[in-house]
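Topology and contacts: notes
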Amino acid sequence: QVQLVESGGGLVQPGGSLRLSCAASGSIFSIYAMGWYRQAPGKQRELVAAGTYGGNTNYADSVKGRFTISRDNAKNTVTLQMNSLKPEDTAVYYCNAEIQPKPYTTLNHYWGQGTQVTVSS
């Protein structure tokens, strides 16, 4: 079994910063991509940022220049540094990872439990 455990959400004022962390554990042979999605009330879940094992990154246009994703492949962790936060960044943030649990098996998507980020004065 694979588990993704998130930490770091909370309440912050507009213009502030938060740092989200996610650690993958369990039956893991390799991890291709790790990233963050978010879902605001009444909206669909959307990609925020993702990073591959090789170091490629992808960001939603709305967070480019403000958020930075980083991975530690040795520790199976991913971090999202969020700066210049805006009220529209308020959402539940979910860690996601594409993991190959064992050799010669397919990649599966795994999700964390979600962490609330609220940007409000």
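The sections below set out a description of the structure shown in this document. Numbers given to residues run from 1 along each chain, matching the order in which its sequence is written. The predicted origin of the model limits local features to residues at a pLDDT of at least 70 and limits the giving and counting of side-chain atom pairs to 80 or more, whereas totals for whole chains, interfaces and linings rest on all residues. Neither water nor hydrogens contribute to the side-chain values; these are computed over all heavy atoms in the structure.

Remarks on the nonpolar core
- Here the nonpolar core consists of buried residues drawn from Ala, Val, Leu, Ile, Met, Phe, Trp, Tyr and Cys, with membership extended through side-chain atoms lying within 4.5 Å. With a 1.4 Å probe rolled over the protein chains alone, any residue whose accessible area is under 20% of its type maximum counts as buried; one over 50% counts as exposed, and the rest are partly exposed. Counting 28 residues, the largest nonpolar core has Met34, Trp36, Val48, Phe67, Leu80, Met82 and Tyr93 as its most contacted members.
- At the level of elements, β1 (2-7), β3 (18-26), β4 (30-39), β5 (46-52), β7 (67-72), β8 (77-82), β9 (91-100) and β11 (115-119) are the ones that each hand at least two residues to this core.
- Strands are runs of DSSP state E lasting at least two residues, helices are runs of H or I lasting at least four, and both sets are numbered from the N terminus onward. No other element matches β9, which puts five residues into this core.
- Here, residues are in contact when the closest pair of their heavy atoms is within 4.5 Å. Non-local contacts of Phe67, meaning those with residues more than four positions away in its chain, are made with Arg38, Val48, Tyr59, Leu80, Gln81, Met82, Asn83, Leu85, Asp89 and Tyr93.

Topic: the packing of aromatic side chains
- Stacked, tilted and edge-to-face are the three classes applied to pairs of Phe, Tyr and Trp rings, where Trp contributes its six-membered ring and a pair requires centres within 6.5 Å; stacked means planes under 30 degrees apart, edge-to-face means over 60, and tilted covers the rest. Under the counting rule described, the total for this entry stands at two aromatic pairs.
- When the ring of Tyr37 is compared with that of Trp111, the centres are 5.0 Å apart and the planes differ by 65°; the resulting orientation is edge-to-face. One end of the pair, Tyr37, is in strand β4; the other, Trp111, is in strand β10 (residues 108-111), and 74 residues separate them in sequence.
- For the ring pair Tyr94 and Trp111, a centre distance of 6.5 Å and an interplane angle of 85° mean the geometry is edge-to-face.

Examining the pattern of salt bridges
- Take a side-chain nitrogen of Lys or Arg and a carboxyl oxygen of Asp or Glu: if they are within 4 Å of each other, that pair is a salt bridge. Overall, the coordinates contain four salt bridges when judged by the stated rule.
- The residue Lys64 makes a salt bridge to Asp61 at a minimum N-O spacing of 3.1 Å.
- Residue Arg66 is joined to Asp89 by a salt bridge in which the shortest nitrogen-to-oxygen separation is 2.8 Å. Highlighted residues: Arg66 in the loop between β6 (57-59) and β7 and Asp89 in the loop between β8 and β9, separated in sequence by 23 residues.
- The exposure class assigned to Arg66 is buried, which follows from its relative accessible area of 10%.
- Take Asp89: its relative accessible area is 1%, and that puts it in the buried class.
- Connected via shared salt-bridge partners are Arg38, Glu46, Arg66 and Asp89.

A look at the state of the cysteines
- Cysteine sulfur pairs qualify as disulfides if the two atoms are within 2.5 Å. Applying the stated criterion across every chain, the model contains one disulfide.
- Disulfide pairing places Cys22 opposite Cys95 at an S-S distance of 2.1 Å. Here the S-S torsion is close to -80°, and the disulfide linking Cys22 with Cys95 is therefore left-handed. Taken together, the residues Cys22 in strand β3 and Cys95 in strand β9 connect sequence positions 73 residues apart.
- A relative accessible area of 1% means that Cys22 is categorised as buried.

Details of the side chain of Gln100
- With respect to the helices, strands and loops of the structure, Gln100 is situated in strand β9.
- Side-chain atoms alone can form a polar contact between residues adjacent in sequence; in general such a contact is a pair of N or O atoms within 3.5 Å, and within protein one must be able to donate a hydrogen while the other accepts it. Separated by 3.0 Å, the side chain of Gln100 and the backbone oxygen of Thr105 make a polar contact.
- For Gln100, the residues in contact, after removing those within four places along its chain, are Ile28, Phe29, Ser30, Thr105, Thr106 and Leu107.

Some thoughts on the pairing of β8
- When DSSP locates at least two bridges between a pair of strands, those strands are taken to pair. Relative to β8, β3 runs antiparallel, the two being bridged by six bridges. Across the sheet, Ala23 pairs through a bridge with Thr77, a residue of β8.
- In this sheet, β8 lies alongside β7 in antiparallel orientation, the contact comprising six bridges. Opposite Ile69, over in β8, you have Leu80 as the bridge partner.
- Count of turn residues in the β7/β8 antiparallel hairpin: four residues, of which Asn76 carries a positive phi of about 55°.

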